[in-house]
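Per-entry structural report
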Amino acid sequence: MPRPRRSRAAEALAAVLLLALATACGSRLPESDFEHRERATPTRDGARDGAPIRVGVITSVTSPVGGDAFTGPRDGAKAYFERLNARGGIDGRKVEVRECDDGGSGVGNNTCVHRLIDEDRVVALVATTALDYAGASRVARARVPDIGGQPIGAAYDTWPHLYGIYGSLAPRNGTTGWAGKQYGGTEVYRYFKREHGARTAAVVSYNQAASAAYASLVERGLRAEGYKVVTEQVDFALPNFRAVAADLKEQGADLVFDAIDSHGNARLCEAMDDAGVEVTAKVTNVQNWTSTVPDDYKDAPRCRNALWATGSSRNFEDTGHPAVREFRDATEGLTAHAQWQLEGWAAARWFAEAAKDCAARETGVTRACVDGFVNRGEGYTAGGLLLPVMFERLSEPPGSRRTCLSVARWEDGRGWVSQGDMNTTCFDVPQLPYQP
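What you see is a predicted model; the values in this text were computed from it and never measured.

Some details on the packing of aromatic side chains
Given two aromatic rings, one states the distance between the centres and the angle between the planes to describe the pair. Per the counting criterion, the structure on display carries 18 aromatic pairs. Summarising the aromatic geometry, the rings of F70 and W340 are spaced 6.4 Å apart at their centres and angled 35 degrees between planes, so their arrangement reads as tilted. One end of the pair, F70, is in the loop between β1 (53–59) and α2 (72–86); the other, W340, is in helix α12 (residues 339–359), and 270 residues separate them in sequence. Each member of the pair, F70 together with W340, is buried. With a centroid separation of 5.0 Å and an interplanar angle of 85 degrees, the aromatic rings of Y80 and W345 are classed as edge-to-face. In this pair, Y80 sits in helix α2 while W345 sits in helix α12, placing the two residues 265 residues apart along the sequence. Taken together, the aromatic side chains of Y80, F81, F327, W345 and F351 make up a single cluster linked through ring pairs. Above the plane of the ring of F373 lies R376, whose end atom (NZ or CZ) is 3.9 Å from the centre.

As structure tokens, this is what we get:
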């Protein structure tokens with residue numbers, strides 16, 4: 001079986017979040033503020049009295065990026081636990097979800113970590129989606145497993161006991177990646193080159209440091225795969241997307257990648273439609289893999305039907321798969337569906353499987369037991385929802401890897417249509433270093 005992908009989806013996610021990460025407010029509280037409350041001992045198991053099993057969910061609900069930008073994983077996880085509790089919970093015990101909105105700031109994140117770990121005494125954190133995960137080191141010191149979090153920053157490639165939804169190969173000894181550098185593959189660019197004959201790719205960015213830095217990473221990956229690369233940079237305050245669209249048409253771009261925000265993407269698509277630009281794919285990422293595409297791109301039908309998404313999890317529209325069908329049945333009441341919701345559901349399922357295994361043991365459901373289950377060397381798939389997730393702790397960064405990806409294309413009237421099987425859409429690709 002192909003070795004699992006590592007963080008390609010996390011890198012793609014960074015393109016959407018770069019501006020928010022660059023401008024997010026808040027500072028980190030000194031770790032000494034909480035030192036006297038640190039405990040490394042496991043929580044008391046309440047199996048005998050049927051006490052609920054507490055888990056924590058940290059989400060940047062109110063953040064500089066907007067009220068619903070980060071809530072998908074939380075909603076998916078809550079839906080899983082609601083269904084689990086309706087079916088009897090874990091060994092007769094309900095799962096009690098303690099939520100905390102960190103406001104998208106480091107101060108708020110530290111406050112959430114302190115409250116959930118020290119006051120609520122949660123067994124684990126699940127589906128963390130934090131704009132500024134300032135409390136990550138404290139979670140690691142307390143040995144609280146953080147399961148299936150979204151790797152928006154570098155925390156999941158830095159600290160032990162943190163288990164991102166896409167896995168990690170890094171040592172995770174307190175230093176990010178390897179000597180401060182992370183690595184990502186070129187499988188997305190290889191896919192479009194081999195499967196669709198793409199040769200010319202455009203990368204659109206703002207004249208803003210974080211946006212330009214991510215665009216540079218995409219350009220390097222494309223060039224490594226032999227593409228002709230067209231770079232397009234627009235003014236952050238007054239972007240001229242019409243000029244970009246005109247140049248894309250003149251250059252004959254097959255693909256369009258970007259390092260701009262969601263609103264900018266919609267405006268870029270409108271400009272492309274107005275200019276008559278036709279591309280093989282306007283490539284987006286897992287955060288924008290949602291059912292709201294018709295509304296988000298309502299004024300750009302041609303570009304809308306050229307949207308492709310890539311990631312590390314099975315398309316939420318694949319209801320022929322039993323694990324996806326279970327997710328959709330449990331979330332049918334939601335006004336919209338998204339890939340991040342499915343990944344939050346998978347994170348909750350991961351915790352539940354760990355807790356069930358621990359409940360059958362003498363230790364019961366403790367932090368240490370749950371951590372040991374998740375830290376095993378086996379690739380976790382959440383019943384086929386995820387590409388195999390592993391944590392290998394390689395001493396040296398990988399030079400190349402066989403990596404797989406999930407690919408879907410938007411089609412009006414059909415939604416997101418999967419393009420092949422994610423477990424067999426795999427490529428041997430180089431791993432390129434970048435500075436997070």
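Let's talk about the environment of W178
Considering the arrangement of structural elements, one finds W178 in the loop between β5 (162–164) and β6 (182–185). For W178, a relative accessible area of 7% corresponds to the buried category. Separated by 2.8 Å, the side chain of W178 and the backbone oxygen of L394 make a polar contact.

Regarding the pairing of strand β11 (residues 307–311)
Successive residues of a regular strand alternate their side chains across the two faces of the sheet. Judged by how many residues are buried, β11 sits mostly within the fold: 5 of 5 residues are covered. Side chains L307, A309 and G311 of β11 all project onto a buried face; the interleaved residues W308 and T310 project onto the opposite face, where all are buried too. Sheet analysis places strand β10 (residues 281–284) next to β11, joined by 3 bridges and oriented parallel. In the strand pairing of β11, K282 is matched with L307. Taken together, the 4 bridges between β11 and strand β13 (residues 406–411) define a ladder with antiparallel strand orientation. Bridging from a neighbouring strand, W308 pairs with R409 of β13.

Focus: the pattern of salt bridges
According to the stated counting rule, one finds 23 salt bridges in the structure shown. The salt bridge involving R304 is made with D412; its shortest N-O contact spans 2.8 Å. Here D412 lies in the loop between β13 and β14 (415–418) and R304 lies in helix α10 (residues 301–304), a separation of 108 residues in the sequence. On the basis of relative accessibility, which here comes to 35%, the residue D412 falls in the partly exposed class. With its nearest N and O atoms 2.8 Å apart, the salt bridge here joins D357 to R361. Classification of R361 as partly exposed rests on a relative accessible area of 49%. One network of salt bridges, with partners in common, ties together R54, E96, R98, R115 and D120.

Looking at the state of the cysteines
Summed over the entire model, instances satisfying the criterion amount to 4 disulfides. Two residues, C358 and C369, share a disulfide whose sulfurs are 2.1 Å apart. Taking the sign of the S-S torsion, -105 degrees for the link of C358 and C369, the bridge is left-handed. Highlighted residues: C358 in helix α12 and C369 in helix α13 (residues 367–374), separated in sequence by 11 residues. What makes C369 buried here is its relative accessible area of 14%. The residue that forms a disulfide with C404 is C426, at a sulfur-sulfur distance of 2.1 Å. Sign of the S-S torsion, about 95 degrees for the bond between C404 and C426, identifies this disulfide as right-handed. Of this pair, C404 sits in strand β12 (residues 400–404) while C426 sits in strand β15 (residues 426–434); the two residues are 22 residues apart in sequence, bridging distant segments of the chain. For the pair shown, C404 and C426 are each scored as buried. Taken in N- to C-terminal order, the disulfide-linked cysteines of the protein chain are connected 1-2, 3-4, 5-6, 7-8.

Parameters at a glance
- Residues numbered from 1 in each chain as written.
- Predicted model: local features only at pLDDT ≥ 70, side-chain atom pairs only at ≥ 80, totals over all residues.
- Heavy atoms only, no water.
- Phe/Tyr/Trp six-rings, centres within 6.5 Å; stacked < 30°, edge-to-face > 60°.
- Helix = DSSP H or I, 4+ residues; strand = E, 2+ residues; numbered from the N terminus.
- Buried < 20%, exposed > 50% of the residue type's maximum accessible area, 1.4 Å probe, protein only.
- Lys NZ or Arg CZ within 6 Å of the ring centre and 35° of its normal.
- Polar contact = N/O pair within 3.5 Å; in protein donor to acceptor, adjacent residues only side chain to side chain.
- Pairing = 2+ DSSP bridges.
- Salt bridge = Lys/Arg side-chain N within 4 Å of Asp/Glu carboxyl O.
- Disulfide = S-S within 2.5 Å.

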